[in-house]
Amino acid sequence: MKALEDRILKDGVIKPGGILKVDNFLNHQIDPALMYDMAVELKRLFGDREINKILTVESSGIAIAIMTGYVFNCPMVFAKKSKSKNISDDVYSVEVPSFTHGNVNTVVISKEYLHENDKILIVDDFLATGAALIGLRSLAAQAGAEIVGAGIAVEKVFQGGGNKLRAEGMDIKSLAAISEMTDDGKITFA
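What counts as what
Residues numbered from 1 in each chain as written. Predicted model: local features only at pLDDT ≥ 70, side-chain atom pairs only at ≥ 80, totals over all residues. Heavy atoms only, no water. Core = buried A, V, L, I, M, F, W, Y, C linked by side-chain atoms within 4.5 Å. Buried < 20%, exposed > 50% of the residue type's maximum accessible area, 1.4 Å probe, protein only. Helix = DSSP H or I, 4+ residues; strand = E, 2+ residues; numbered from the N terminus. Salt bridge = Lys/Arg side-chain N within 4 Å of Asp/Glu carboxyl O. Phe/Tyr/Trp six-rings, centres within 6.5 Å; stacked < 30°, edge-to-face > 60°. Lys NZ or Arg CZ within 6 Å of the ring centre and 35° of its normal. Pairing = 2+ DSSP bridges. Right-handed = clockwise from strand over helix to strand, strands pointing away. Axes fitted to C-alpha atoms, helices over the stretch in contact; angles between N-to-C directions. Contact = heavy atoms within 4.5 Å. Arc of directions from axis to C-beta. Polar contact = N/O pair within 3.5 Å; in protein donor to acceptor, adjacent residues only side chain to side chain.

*Asks:* Can you walk me through the nonpolar core in this structure?
*Replies:* Generally speaking, nonpolar side chains in soluble globular proteins are found buried as a group. If you look at the biggest cluster of nonpolar residues, it comprises 32 residues, and the most contacted ones within it are Leu4, Ile8, Leu20, Leu26, Met38, Ile54 and Val154. Put simply, the parts of the chain that give this core at least two residues each are helix H1 (2–11), helix H2 (32–46), helix H3 (62–72), strand S7 (119–127), strand S8 (146–156), strand S9 (172–181) and strand S10 (187–189). Core analysis: the second largest hydrophobic core is formed by 25 residues, Leu114, Ile120, Leu133 and Leu165 among them.

What follows is the structure, given as structure tokens:
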């Protein structure tokens, strides 16, 4: 998606360790018009599927996921990184390593929000190693739900997660796919 690629080139900052900082428009301060345009593109890419739920993990994927739910006219549910007092003990649970934060989170979804008849589109802001998608796929499998695809804002192709999951049969569409990032600030799109 050219508008997203242009915005990454204009406002993205490469940090040491393969980190792309886009928090001024994608995952801290949010550009609602860009989120809407990305959701419309995901609808174009996946609109022929029977999708009745959008799934993401907190917190940075929520903005694009909620807008995608709006465009698809279906609920969005997100996996929480900690179980709070207002969630029942009846949850699906999986451990998910975070590339960005360098830790492992136990993420949960209340069983009342994922069901075996759900046809799920996973939506997230980044795809690097694929750990978040693997975790979300596990939660959906625990519920007996079907993953019909994954829509990603930014894929860092050079980290291999997307290619690994595609080889396993997951249909992944990335709106911006980065094949290379250099320490001097150069970004090459696939």
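*Asks:* Mind showing me how you'd approach the pattern of salt bridges here?
*Replies:* Working definition: two side chains of opposite charge can pair if their charged atoms are close together. In total, this model carries 14 salt bridges according to the counting rule given. For the salt bridge of arginine 49 with aspartate 48, the shortest nitrogen-to-oxygen distance reads 3.4 Å. Here lysine 111 ties to aspartate 90 by a salt bridge, and the two come within 3.3 Å at their closest N and O atoms. With lysine 111 in the loop between strand S6 (103–110) and S7 and aspartate 90 in the loop between strand S4 (76–79) and strand S5 (91–98), this residue pair connects regions lying 21 residues apart in the sequence. Via salt bridges that share partners, Arg7, Lys10, Asp11 and Asp31 belong to a single interconnected network.

*Asks:* Where do I start with the packing of aromatic side chains in this structure?
*Replies:* To describe a pair of aromatic rings, one takes the distance between the centres and the angle between the planes. Enumeration over the complete set of coordinates arrives at 0 aromatic pairs. Lying across the ring of phenylalanine 72, lysine 43 places its NZ or CZ 4.6 Å from the centre.

*Asks:* Honestly, the pairing of S8 in this entry has me stumped. Any pointers?
*Replies:* Where a strand is regular, its side chains alternate between the two sheet faces. Counting buried positions over the 11 residues of S8 gives 9, a clear majority of the element. Taken together, the 8 bridges between S7 and S8 define a ladder with parallel strand orientation. Residue pairing in the sheet places isoleucine 122 in a bridge with alanine 150 of S8. Following the chain from S7 across helix H4 (residues 131–143) to the adjacent parallel S8, one finds a crossover that is right-handed. Bridge count for S8 against S9 is 6 bridges, and the pairing is parallel. Looking at S9, one finds that valine 154 is bridged to alanine 176.

*Asks:* Which parts of the structure should I look at to understand unusual backbone geometry?
*Replies:* When glycine is set aside, most residues are seen to have a negative phi, and most peptide bonds are trans. Look at the link from glutamate 58 to serine 59: it is a cis peptide, with omega at 0°. A positive phi is found at asparagine 73, a non-glycine position, where the angle reads about 55°.

*Asks:* Just checking my understanding: could you explain the sheet that holds S9 for this structure?
*Replies:* Remark on secondary structure: sheet strands pair via backbone hydrogen bonds, oriented parallel or antiparallel. Taking strand neighbours across the sheet as the criterion, the 6 strands line up as S4-S3-S7-S8-S9-S10 in an open arrangement whose pairing is mixed. Whereas interior strands pair on both sides, the edge strands pair on one side only; in this sheet they are S4 and S10. On average, each strand axis in the sheet is tilted by 30° relative to the strand beside it, whichever way the strands run. Judged from the 3 bridges that link them, strand S3 (residues 53–57) and S7 form a sheet pairing that is parallel. The residue bridging isoleucine 54 from the neighbouring strand is leucine 121, located in S7. Along the sheet face, H2 touches S7, S8 and S9 and points at about 115° away from the line of S9. Packed onto the sheet, H3 meets S3, S4, S7 and S8 and runs at close to 145° relative to S7.

*Asks:* Sorry, what's going on with the pairing of S5 here?
*Replies:* Pairing of S5 with S6 involves 8 bridges; the strand directions are antiparallel. Bridge pairing in S6 links serine 93 to valine 108. Taking the residues that link successive antiparallel strands as the turn, the S5-S6 hairpin has 4 residues, and the phi of glycine 102 there is positive, at about 65°.

*Asks:* Honestly, H1 in this entry has me stumped. Any pointers?
*Replies:* It helps to recall that an α-helix has 3.6 residues per turn; residues three or four apart then point in one direction. Regarding H1, the residues found buried are Leu4, Ile8 and Asp11. Along the long axis of H1, the arc covered by the buried residues comes to 95°, so they all point the same way. Among the exposed residues of H1, those oriented more than 90 degrees off its buried face are Lys2 and Lys10.

*Asks:* Can you help me understand the side chain of threonine 56 in this one?
*Replies:* One can find threonine 56 in strand S3. A polar contact of 2.6 Å, which involves the side chain of threonine 56, links it to the backbone oxygen of valine 123. Setting aside residues no more than four positions away along its own chain, threonine 56 makes contact with Gly61, Ile62, Ala65, Met76, Val77, Phe78, Ala79, Val123, Asp124 and Leu136.

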